[in-house]
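These are the residues of each chain, in order.
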Amino acid sequence: MQKSIEAIFSGIQPSGKLHLGNYLGAIQNWVKLQNIAKQNIYCIVDCHAITVPQTQLQKNTLHLAAELIACGIEPQKSILFVQSDNSHHTELNWILSCTALIGWLARMTQFKEKASRERENASVGLYAYPTLMAADILLYKATHVPVGEDQKQHLELTRNIAQRFNNIYDSNIFTIPEPLILEVGARVMSLRDATAKMSKSAKSEMSMINLTDSSEQIAIKIRKSKTDADAIPSETQGLENRLEAKNLIGIYASLQNCSLQSALQKIGGYSFAKFKGELTEMLIDKIIPIGNEINKLKEDENHLRGILAHGAEQAKKISKTTLRTVREAVGFYAP
Ligand code: TRP
């Protein structure tokens, strides 16, 4: 990972429980970045979540806060807060929506996929989603944004918005952020169908491991996960066209914090039965303490709310300054 990272910002939607894919693909990296970057800000983006109707948003928001802290996001090292708790985000969003171009937004593949043929019936919020994401990032002058592949285009848009704003208002107000695409464990696939990402919207619970699963649930999900008949190869070429095997070994490697190749050096020649036994043990060692911590944190809701309130306080201190210069640049009335 890169050295000398100035300021990290990332966001995650409170739309249900976190699963192993979220943990290995994103959160584990956020936890590491805390010791590398000078400023770390992690935001629970509930405003983004309501672009599609939510039923248990407040509950999910608190649950996600507990999950992030249990995974190792430390309020002493990172600012952790809820997006709607800092109205500067929605305020800057309006200003940026006057900078972003319709043509840019119309090219966003995520919107096209989500709205599909129902375009006329998709909300304006879903369409404008990326300008709010730009506001999140630009308010804190983030230099690096850890995101998955699926958010790369939104980040590119953020850069375009920042540049266009700086040009129009002849300013250097916004820092142009870089994506931080994380290599190891970046894509954990479904345990039932390795062509699809592990996803909370999947039909089968058996396709994912949740951070609050019991040892028994973890064991059965790994035991029943799809594999093939061959043994584990010793070289990565031996994983070609073996998506299920590659996925499980990728999970193993990511838990060990090593490359696929060095994992294979260890486990090459194993039968799947033996490999799955080891993988299950490793998963249990990793996940069960996190699950216990989540439950403990949720028992004291006031404590949890205190952490988020403090986070919002710190976030506002930073975003207030950016917003003030933005308001001046666009020429808003100074009351
Ligand atoms: N759009 C991101 C996702 O769905 C979440 C998000 C919102 C985000 N604001 C952000 C990610 C700012 C990085 C930076 O995954």
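Right, let's walk through the structure included here. Quick caveat: nothing in here was measured; it's all calculated off a predicted structure.

## Topic: the packing of aromatic side chains
Then, in step 1: Tallying each qualifying case throughout the model produces eight aromatic pairs.
Then, in step 2: When the centroid spacing of 4.6 Å and the interplanar angle of 45 degrees are considered together, the rings of phenylalanine 165 and tyrosine 169 count as tilted.
Then, in step 3: Relative to phenylalanine 174, the ring of phenylalanine 165 has its centre 4.8 Å away and its plane inclined at 55 degrees; by these criteria the two rings are tilted. For the pair phenylalanine 165 and phenylalanine 174, a shared accessibility class is recorded, and that class is buried.
Then, in step 4: Connected via pairs of aromatic rings, a cluster forms that spans Phe9, Phe81 and Tyr140.

## Some points on the pairing of strand β1 (residues 7-12)
Then, in step 1: For β1, the tally of buried residues reaches five of six residues, placing the bulk of the element in the interior.
Then, in step 2: By the bridge criterion, six bridges tie β1 to strand β2 (residues 39-44) in an arrangement that is parallel. Bridging from a neighbouring strand, phenylalanine 9 pairs with isoleucine 41 of β2.
Then, in step 3: Each parallel crossover has a hand, and for β1 linked through helix α1 (residues 20-33) to β2 it is right-handed.

## Re helix α10 (residues 243-256)
Side chains three or four residues apart in an α-helix point the same way, a direct result of the helix having 3.6 residues per turn.
Then, in step 1: Under the 1.5 Å per step criterion, the end-to-end length of α10 is 20 Å for 14 residues, consistent within 8% with the ideal 20 Å.
Then, in step 2: Counting buried positions along α10 yields 10 of 14 residues, so the element is predominantly enclosed.
Then, in step 3: Turning to α10, its buried residues number three or more, namely Glu244, Ala245, Asn247, Leu248, Ile249, Ile251, Tyr252, Ala253, Ser254 and Leu255.
Then, in step 4: The inward-facing, buried residues of α10 abut α1, α11 (260-267) and α12 (272-299).

## Quick word on the pattern of salt bridges
Where charged atoms of side chains with opposite charge meet at close range, the side chains can pair.
Then, in step 1: Tallied over the entire structure, the rule returns 11 salt bridges.
Then, in step 2: Ionic pairing is found between lysine 77 and glutamate 74, a salt bridge with its closest N-O pair at 3.2 Å.
Then, in step 3: On the accessibility criterion, glutamate 74 (31% relative accessible area) is partly exposed.
Then, in step 4: Notably, a salt bridge pairs glutamate 301 with arginine 305, separated by 2.8 Å at the nearest N-O pair. Here glutamate 301 pairs with arginine 305, and both are found in helix α13 (residues 301-330), just four residues apart, close to one helical turn.
Then, in step 5: Judged by relative accessible area, glutamate 301 falls into the partly exposed class, the value being 38%.
Then, in step 6: The network of salt bridges with common partners includes Glu156, Arg159 and Glu178.

## Regarding the site of the ligand
Then, in step 1: In the neighbourhood of the ligand, 13 residues make up the surrounding shell, with His48, Tyr129, Met133, Asp136 and Gln151 lying closest.
Then, in step 2: A distance of 2.7 Å separates a nitrogen atom of the ligand from a polar side-chain atom of tyrosine 129.
Then, in step 3: One nitrogen or oxygen atom from the side chain of aspartate 136 is found 2.7 Å from a nitrogen atom belonging to the ligand.
Then, in step 4: When residues of the shell around the ligand are traced back to their parent elements, those giving at least two are β1, α7 (124-139) and β4 (144-147).
Then, in step 5: Per element, the largest residue contribution to the shell around the ligand is four residues, and it comes from α7.
Then, in step 6: By residue class, the composition of the shell around the ligand is seven nonpolar, five polar and one charged.

## Looking at the nonpolar core
Then, in step 1: Leu68, Ile251, Phe275, Leu279 and Leu283 are the most contacted members of the largest nonpolar core, which has 58 residues in total.
Then, in step 2: Ranked by residues supplied to this core, first place goes to α12 with nine residues.
Then, in step 3: When residues no more than four places from it in sequence are discounted, the contact partners of phenylalanine 275 are Ile232, Leu248, Ile249, Tyr252, Ile267 and Tyr270.
Then, in step 4: One finds Ile137, Val147, Phe165 and Val326 within the second-largest nonpolar core, a separate group that totals 38 residues.

The rules behind these values
- Residues numbered from 1 in each chain as written.
- Predicted model: local features only at pLDDT ≥ 70, side-chain atom pairs only at ≥ 80, totals over all residues.
- Heavy atoms only, no water.
- Phe/Tyr/Trp six-rings, centres within 6.5 Å; stacked < 30°, edge-to-face > 60°.
- Buried < 20%, exposed > 50% of the residue type's maximum accessible area, 1.4 Å probe, protein only.
- Helix = DSSP H or I, 4+ residues; strand = E, 2+ residues; numbered from the N terminus.
- Pairing = 2+ DSSP bridges.
- Right-handed = clockwise from strand over helix to strand, strands pointing away.
- Expected span 1.5 Å × (residues − 1).
- Contact = heavy atoms within 4.5 Å.
- Salt bridge = Lys/Arg side-chain N within 4 Å of Asp/Glu carboxyl O.
- Near = heavy atom within 4 Å.
- Polar contact = N/O pair within 3.5 Å; in protein donor to acceptor, adjacent residues only side chain to side chain.
- Nonpolar A, V, L, I, M, F, W, Y, C, P; charged D, E, K, R; others polar.
- Core = buried A, V, L, I, M, F, W, Y, C linked by side-chain atoms within 4.5 Å.

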